[in-house]
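Notes for the structure review
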Amino acid sequence: MSVAAKKSELINWISSIEDKTLIDQIDNFRKTHNSFNFKKEIKSAISSEEFKQRTTEFIKSLEWKK
């Protein structure tokens, strides 16, 4: 089943739901799985220098054969 078909099936199913509790649960799931907080994520990111160092170490660890 294609992604478009799955999305369409889910939309139809959600449209048919009458239970407020279930709708609230789906909405809470959407909110918790669809939120990306850039400011929060950047705090745990590595610096450009750390990235450069890791990349250099990785490239040096590769076996370069002709």
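Residues numbered from 1 in each chain as written. Predicted model: local features only at pLDDT ≥ 70, side-chain atom pairs only at ≥ 80, totals over all residues. Heavy atoms only, no water.

1. As for a nonpolar patch on the surface
Let me state the cut-off plainly: Patches here: salt-bridge-free residues with over 30% relative accessible area, like charges joined within 9 Å, nonpolar side chains (Val, Leu, Ile, Met, Phe, Trp, Tyr) joined within 5 Å. For the area figures, the Shrake-Rupley method with a 1.4 Å probe applies, and any residue is considered shielded solely by the protein chains shown. We count a salt bridge whenever a side-chain nitrogen from Lys or Arg sits within 4 Å of a carboxyl oxygen from Asp or Glu. For the purposes of this entry, the term helix denotes a DSSP run of H or I that reaches at least four residues, the term strand denotes a run of E that reaches at least two, and both are numbered from the N terminus. Burial classification: accessible surface area is computed with a 1.4 Å probe over protein chains only, and a residue below 20% of its type maximum counts as buried, one above 50% as exposed, and the rest as partly exposed.
Nonpolar side chains collect at one region of the surface, where F58, I59, L62 and W64 lie side by side and expose about 460 Å² of accessible area between them. Take W64: it is sitting in the segment after α4 (48-61). On the basis of relative accessibility, which here comes to 66%, the residue W64 falls in the exposed class.

2. Examining the pattern of salt bridges
Any two side chains of opposite charge can pair, given that their charged atoms come close. Inspection of every chain in the model, using the stated rule, returns 4 salt bridges. The salt bridge involving D27 is made with R30; its shortest N-O contact spans 2.6 Å. With D27 and R30 both in helix α2 (residues 20-33) and 3 residues apart, the pair spans about one turn of that helix. For R30, a relative accessible area of 46% corresponds to the partly exposed category.

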